[in-house]
Amino acid sequence: MIEVRGLRKSFGENEILKGIDVHVDTGDVVVILGPSGSGKTTLLRCINFLEKADDGVLTVGDMTLDLKSVRKKDIAAVRKRTGYVFQNYNLFINKTARENVMLGLTVGRRMPKDQAFAIATAALDRVGLSDRYDHYPSQLSGGQQQRVGIARAIALNPEVILFDEPTSALDPELIGEVLQVMKDLAEDGMTMLVVTHEMGFARDVASHVIFMDDGVIVEEGTPKDIFNHPQHERTRQFLRRILKGEAGEFGGSGI
């Protein structure tokens, strides 16, 4: 479905990604963990061309692109096949929930408004917002706004959705409603690449977990591999800090 090989990205003298390889098969839920500044978000942004990579090869389905010399039409083609959910919703404040979802269809895909209206309505239904079609972002909670963001992504009928820390801007009591929508999508077979600090989601939903630090992949494997039997001390340090008092749940893991 998606494969990245040798992805490199620097900002000035600061090398953020140091030759990253990632493979995501159809139906996989791949979760990327790591401390702030490890390059997780930059990786997602390079895959969707929100940042331009310095080097590497990207394969999406039957398309293979040299990231150093990618053309605008190739970028557009990749974006048609991928959805992106941002940390901070990125909704238009002067548009209703349904209008926000419709925009990617009417503007990005040049779809007739009546068709976009029907698809946007169905997408909002899917994320549990059938009573919020005509509400503006200011009338929605943070969790509801992020669910609009997810609806906007799934309305495009993507082959894969990239989630960039989708719960990081939410109050703790609102995180669950967004994670439940993501779990439902995973159960429906949606291919997902997720950057998150939500350990429960990674343990329970992921098919594959990647731990990044300082621009490299330190370790990867199944959730059981990473949480119960981490091989690298840096992974163990990270899990100790994030899990805190929960470390006892992973008896025998060495964490």
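Note that the structure is predicted; figures quoted are calculated from it, not measured.

The rules behind the values
- Residues numbered from 1 in each chain as written.
- Predicted model: local features only at pLDDT ≥ 70, side-chain atom pairs only at ≥ 80, totals over all residues.
- Heavy atoms only, no water.
- Helix = DSSP H or I, 4+ residues; strand = E, 2+ residues; numbered from the N terminus.
- Rg over C-alpha atoms; globule rule 2.2 N^0.38 Å.
- Buried < 20%, exposed > 50% of the residue type's maximum accessible area, 1.4 Å probe, protein only.
- Phe/Tyr/Trp six-rings, centres within 6.5 Å; stacked < 30°, edge-to-face > 60°.
- Axes fitted to C-alpha atoms, helices over the stretch in contact; angles between N-to-C directions.
- Parallel < 35°, antiparallel > 145°, perpendicular 65-115°, else oblique.
- Left-handed = near helix turned anticlockwise from the far one by under 90°.
- Contact = heavy atoms within 4.5 Å.
- Nonpolar A, V, L, I, M, F, W, Y, C, P; charged D, E, K, R; others polar.
- Pairing = 2+ DSSP bridges.

Caption draft 1: Structural view of the overall build of the chain. The number of helices and strands found in the chain is nine helices and 10 strands. Whereas a compact globule of 255 residues would reach a radius of gyration of roughly 18 Å, the chain reaches 18 Å, a difference of no more than 12%. By its C-alpha atoms, the chain is 55 × 45 × 30 Å across when sized along the principal axes. Among the 255 residues that make up the chain, the fraction classed as buried is 51%.

Caption draft 2: Quick peek at the packing of aromatic side chains. According to the stated counting rule, one finds two aromatic pairs in the structure shown. Each ring, one from Tyr84 and one from Phe86, has its centre 4.7 Å from the other, and the planes form 45 degrees; the classification is tilted.

Caption draft 3: Quick look at the packing of helix H3 (residues 97-108) against helix H5 (residues 142-155). The N-to-C vectors of H3 and H5 enclose an angle of 30 degrees; their axes lie 9 Å apart at closest approach. Here H3 is positioned roughly parallel relative to H5, judged by the angle of their axes. The two elements H3 and H5 cross, and the hand of that crossing is right-handed. Residues Ala97, Asn100, Val101 and Leu105 of H3 form the contact with H5, whose own contacting residues are Val148, Ala151, Arg152 and Ala155. Along the lines of polarity and charge, the residues of the contact of H3 with H5 split into six nonpolar, one polar and one charged.

Caption draft 4: Here's a closer look at the pairing of strand E9 (residues 208-213). Across the six residues that make up E9, a large majority, five, are buried. Where E9 meets strand E10 (residues 216-221), five bridges bridge the pair, whose relative direction is antiparallel. Within the sheet, the bridge partner assigned to Val209 lies in E10 and is Gly221. Taking the residues between adjacent antiparallel strands as the criterion, E9 and E10 are bridged by two residues, where Asp214 takes a positive phi near 55 degrees.

Caption draft 5: Examining the environment of Lys224 more closely. Along the chain, the position of Lys224 falls in helix H8 (residues 223-228). Given a relative accessible area of 56%, Lys224 falls into the exposed group. Lys224 sits 17 residues away from Ser207 along the chain, and the two C-alpha atoms are 9.8 Å apart.

Caption draft 6: Expanded view of the sheet that holds strand E3 (residues 29-33). Read across the sheet, six strands follow the order E6-E7-E8-E3-E9-E10 without closing on themselves; strand pairing throughout is mixed. The two strands at the open ends of the sheet, each matched to only one other strand, are strand E6 (82-85) and E10. Between one strand axis and the next, the sheet turns by 15 degrees as a mean value, whatever way the strands run. The pairing of E6 with strand E7 (residues 160-164) spans four bridges and is parallel. Bridge assignment links Thr82 to a residue of E7, and that residue is Val160. Sitting on the sheet, H5 touches E6 and E7, and the angle it makes with E6 is about 170 degrees.

Caption draft 7: Region of interest: the sheet that holds strand E2 (residues 14-24). In spatial order, the strands read E2-E1-E4-E5; together these four strands make up an open sheet with antiparallel pairing. The sheet is open, and its two borders are formed by E2 and strand E5 (63-66), each paired with just one other strand. Ignoring strand direction, the axes of neighbouring strands in this sheet form an average angle of 15 degrees. Here strand E1 (residues 2-11) pairs with strand E4 (residues 55-60) via five bridges, running antiparallel. The residue of E4 that forms the bridge with Val4 is Leu58. Sheet strands in contact with helix H1 (residues 40-47) are E1, E2 and E4, and its direction is about 115 degrees off that of E1. Each of E4 and E5 is contacted by helix H2 (residues 72-81), which is oriented at about 135 degrees to E5, the strand it contacts most.

Honestly, that's just the spatial picture; any functional story needs more than this.
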